[in-house]
Amino acid sequence: TEDPSTGQLLNRELVENLPISNRDVSNLTYLTPGVVTPYNGNPWGGYYGNAFSSSGGRPATTDVIMDGVSITNYEQNGGTLILPYLPSPEAIEEFKVQSGTFSAEFGFTGASIVNMVMRSGTNEFHGAAFEYLRNQKLNANNYFNNAAGKSLPSLRRNHFGGAIAGPIKKNKAFFFFDYD
């Protein structure tokens, strides 16, 4: 009835409503106490995937599990785990970071586990469409640029996508489709 692991659980409502920089769900790991970036740069992006440190553990050793299956690969010659895929925030039902001592079902990892559960369809059709807009007109200039008379650099990002879910056969089979 008790579990010795510590961590943070985020449900679909929180994942959808929290502002996520560049729509990168890996940034949700930083809501968990004890998770830090050991060096500058994007902690999950690029080649090393999950290079954050949790509870003082070694970076890039976190296993990422999606619907019960590990989605991490070993980096050749490095002993670290890399992450080849990250889902869209609309596709996630539950996002959980576990650190410390794990139950017997988890192993193969360093100091933490990221466990994601993907959404599925229901007996009713539902969906969403979005545009993630970022540009320089929504940003403030910094103090030093204002003092030097410089304007903001150009920034134009329009990110479109959507999700749709529903039944294939009522109470039996469902579908969920996500495009980002």
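**Concerning the overall build of the protein chain**
Then step 1. In terms of helices and strands, the protein chain carries two helices and 12 strands.
Then step 2. Looking at the protein chain residue by residue over its 180 residues, the buried ones come to 37%.
Then step 3. Partitioning the contacts of the protein chain with sequence separation of at least 6, the portion at a separation of at least 24 is 54%.
Then step 4. As displayed, the protein chain offers around 11000 Å² of accessible surface, 52% of which is attributable to carbon and sulfur atoms.

**Here we look at unusual backbone geometry**
Then step 1. Here the phi dihedral of Asp67 falls at roughly 50°; this positive angle occurs in a residue that is not glycine.
Then step 2. Position of Asp67 relative to the elements: it lies in the loop between β4 (63-66) and β5 (69-70).
Then step 3. Residue Asp67 is classed as partly exposed on the basis of its relative accessible area of 45%.

**Things to note about the environment of Ala129**
Then step 1. Examined against the element boundaries, Ala129 turns out to sit in strand β10 (residues 126-135).
Then step 2. Classification of Ala129 by relative accessible area gives exposed; the value is 71%.
Then step 3. Separated by 32 residues in the primary sequence, Ala129 and Gly161 place their C-alpha atoms 5.8 Å from one another.

**What to know about the side chain of Asn135**
Then step 1. As for its position among the elements, Asn135 is in strand β10.
Then step 2. There is a polar contact of 3.0 Å between the side chain of Asn135 and the backbone nitrogen of Lys137.

**Observations regarding the pairing of β4**
Then step 1. With burial as the criterion, each face of β4 is covered, one bearing Asp63 and Ile65 and the other bearing Val64 and Met66.
Then step 2. Pairing of β4 with strand β9 (residues 112-118), which is carried by four bridges, proceeds in the parallel orientation. Bridge pairing in β9 places Asp63 opposite Ile113.
Then step 3. Here two bridges tie β4 to β5, and the two strands are oriented antiparallel to one another. For Ile65, the partnering residue across the bridge sits in β5 and is Ser70.
Then step 4. Here β4 folds back onto β5 in antiparallel fashion, the turn holding two residues, of which Asp67 has a positive phi close to 50°.

Rules used throughout
Sequence order as written defines the numbering, with residues in each chain counted from 1. In view of the model being predicted, local features appear only for residues whose pLDDT reaches at least 70, and side-chain atom pairs are presented and counted only at 80 or more, with totals across whole chains, interfaces and linings using the full set of residues. Hydrogens and water are ignored here; the side-chain numbers use all heavy atoms of the structure. In DSSP terms, a helix is any run of H or I states spanning at least four residues, a strand is any run of E spanning at least two, and both are numbered starting from the N terminus. Burial classes: relative accessible area under 20% of the type maximum marks a residue as buried, over 50% as exposed, and values in between as partly exposed (1.4 Å probe, protein chains only). By definition, residues are in contact when any of their heavy atoms lie within 4.5 Å. Reported accessibility uses the Shrake-Rupley method at a 1.4 Å probe radius. Residues are deemed covered only where the shown protein chains occlude them. Contacts described as polar in this section are N or O atom pairs within 3.5 Å, which, within protein, must combine one atom able to donate a hydrogen with one able to accept it, while residues neighboring in sequence count only if both atoms come from side chains. When DSSP finds two or more bridges between a pair of strands, those strands are recorded as paired.

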